[in-house]
Amino acid sequence: MPITVLIGVQWGDEGKGKIIDVLTENADVVVRFQGGNNAGHTVEIGKKKFVLHLIPSGIFRKKATCIIGNGVVVDPLALEHEIKDLERQGIRIGSRLQLSTRSHLIFAYHRMMDAMHEGSRSEGKKIGTTKRGIGPAYADKMSRIGIRALEMLDQKRLEKNFKEHAKYYNTIFKAAKMETVDINAEWKKISAAAKFLAKYVTDTVVTVNEAATKKKNILFEGAQGMWLDVDYGTYPFVTSSNTTTGGACTGSGLSPKYIDNVVGVIKAYTTRVGEGPFPTELNDKIGEQIRATGREFGATTGRPRRCGWFDAISSRYSCMVNGVDRLAVTKLDVLDMLPEIKICTAYKINGKKTNAMPSDTEEITAAVPIYETMPGWCQTTSHARSFKALPKNAQKYLKRISELTKTKIGIISVGPNRDQTFHI
Ligand code: GDP
Ligand code: IMO
Ligand code: MG
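Numbering of residues starts from 1 in every chain and runs along the sequence as written. A letter from A marks each chain and a number from 1 marks each ligand, given out in the order of writing. Restriction of local features to residues with pLDDT of at least 70 applies here, the model being predicted, together with a cutoff of 80 or more for giving and counting side-chain atom pairs; totals for whole chains, interfaces and linings are based on all residues. Hydrogens and water are ignored here; the side-chain numbers use all heavy atoms of the structure.

S.K.: A description of the pairing of strand E16 (residues 340–349) should follow, citing residues and the corresponding values.
M.R.: The side chains of a regular strand alternate between both faces of the sheet. With 2 bridges joining them, strand E14 (residues 310–311) and E16 adopt parallel strand pairing. Note that in E16 the partner of Asp-311 across the bridge is Cys-344. Pairing between strands is defined by DSSP: at least two bridges between them are needed. Secondary structure elements are defined from DSSP: runs of H or I of at least 4 residues count as helices, runs of E of at least 2 residues count as strands, and each element is numbered from the N terminus. As defined by bridge partners, E16 adjoins strand E17 (residues 352–354) across 3 bridges and the pair is classed as antiparallel. Within the sheet, the bridge partner assigned to Lys-348 lies in E17 and is Lys-353. Turn length for the E16-E17 hairpin, with the two strands adjacent in sequence and antiparallel, is 2 residues, and the turn residue Asn-350 shows positive phi of about 45 degrees.

Here it is as structure tokens:
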């Protein structure tokens, strides 16, 4: 593995949690570097199913140190809840979890601002956020008024700053005739969470760099996906962080010179949660069938995911931006019973055919997909454990994905469980 960055190639929910869990068998350190508890990463081990939001998916491997890096925005109440919940289910966390001193904190007023912004956006402009306060917390960070995890080590300082900020936000809520933050009640919860979390707070930049110089195996766990990246995604229908490979360095404090490998997780079809363009979306029976078979409902918000065909145009661009060395193709089994499968190989935009990915989200919205149709395999793949064991048409489909994205496939996943995975 040496030092690997794993990212989502599409709009999130590609199955990153599952692939990370598989890859971390040999990992010494697993690092989350961006996003917050907007993420929902599912790991199924035997009959048990876990959904992680902030804690890296390496937590199920006893050897791995799990780091929440400086690029992550952390809701202290959510993190406390997640740790306690995992421990209740028998997962020992202890000193294996580290939280960066420099990560920024999310408070109630961020969640409320998130809801307020969404509420005030007109139809067509709504982002469909997870309402976890992610955007407002990153906005505070960039406005240089954020509160960082290191302040949890000093209750007096945290109290002063939290109350000052909450008062400031309450003036905005009052002016908008909205409910305000109950500052004292909220402080009680934060104070308790800060006391609980203090033992995890440390300078994780040092941990990551020491591990890198000792040639340990490090896995960077991306959240969301390339098309939700604030720079490269379908702006403004994106999240507020860099979900792409570069984010692993800025979000952890490790120099790019150490990165050996990039794994891009990609579904055998496409899904999206929330608003924004999605050229290959299927608003028909096939879309419903994929949603039902793939159990495509948000791991964080429970919202039904929008489903559609594989989009080679956006996926190729994503592989380029992320420098993907190997793809991990997930959920191949979900397509098992479809007699025909389509791949988008070009867009028609304002009457013109193109295979270039537009920068302009309005053009992506206007894009009409041009499809290539491939025969399905109409057989179960969930028992396959090698490329050769897959039906011929499934092999052809995967080869075509690799050809169109100009990227080799390294891993195939044919079911949610750990063992339903193989390398090629
Ligand atoms: P993440 O956010 O990228 O970690 O993905 P999610 O956990 O939000 O969503 C992926 C869903 O697909 C989860 O319910 C996984 O258990 C499930 N999953 C992952 N890989 C496979 C697969 O190969 N086949 C099937 N059927 N389900 C899978
Ligand atoms: P994982 O890590 C899918 C989407 C939201 C919304 C947009 C902005 O599980 O792949 P935000 O709350 O971040 O401000 O919302 O981003 N979104 C995700 N979609 N998977 C995720 O995470 C997501 N995290 C955010 O639905 O459209
Ligand atoms: Mg998810």
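Picking up where we left off.
S.K.: Break down the domain arrangement of the chain for me, with residues and values.
M.R.: Per the annotation, domain bounds derive from an automatic or database assignment of domains. Structurally, the chain comprises domain 1 (3–100 + 200–263), domain 2 (104–197) and domain 3 (266–423). Taken together, the 6 residues of domain 2 in the interface contact 5 residues of domain 3. Joining two parts hides part of their accessible area as seen by a 1.4 Å probe, and the buried area is that hidden amount summed over both. For the pairing of domain 2 and domain 3, the buried interface totals around 370 Å² over both sides, and the portion due to carbon and sulfur atoms is 50%. Contact with domain 3 buries area across many residues of domain 2, yet Gly-128, Thr-130 and Arg-132 alone supply 69% of it, more than any other trio. Salt bridges are defined by distance alone: a side-chain nitrogen of Lys or Arg within 4 Å of a carboxyl oxygen of Asp or Glu. Linking domain 2 with domain 3 are 0 salt bridges, by the criterion used here. A contact between two residues is defined here by any heavy atoms of the two lying within 4.5 Å.

S.K.: Explain the coordination of the magnesium ion (ligand 3) residue by residue, including any values.
M.R.: Only Asp-13 (OD) and Gly-40 (O) from the protein reach the magnesium ion (ligand 3) as donors, at distances of 2.0 to 2.2 Å. Within this pair, whereas Asp-13 is found in the loop between strand E1 (3–8) and helix H1 (16–23), its partner Gly-40 is found in the loop between strand E2 (29–32) and strand E3 (41–45), the two being separated by 27 residues in sequence. Each residue's exposure class comes from its accessible area (1.4 Å probe, protein chains only) as a fraction of the maximum for that residue type: buried when under 20%, exposed when over 50%, partly exposed otherwise. Given the relative accessible area of 12%, Gly-40 is considered buried. Metal coordination here is assigned from N, O and S atoms located within 2.8 Å of the ion, or within 3.2 Å for Na, K and Ca; omission of water means that sites may look incomplete.

S.K.: Explain the sheet that holds strand E7 (residues 97–100) to me, and be specific about the residues and the numbers.
M.R.: Spatial strand order, E9-E7-E5-E2-E10-E1-E11-E15-E19-E20: 10 strands in an open sheet with mixed pairing. A single partner strand is all that each edge strand has here, and the edge strands are strand E9 (201–202) and strand E20 (421–423). Bridging between E7 and E9 involves 2 bridges; their strand directions are parallel. Within the sheet, the bridge partner assigned to Ser-100 lies in E9 and is Thr-202.

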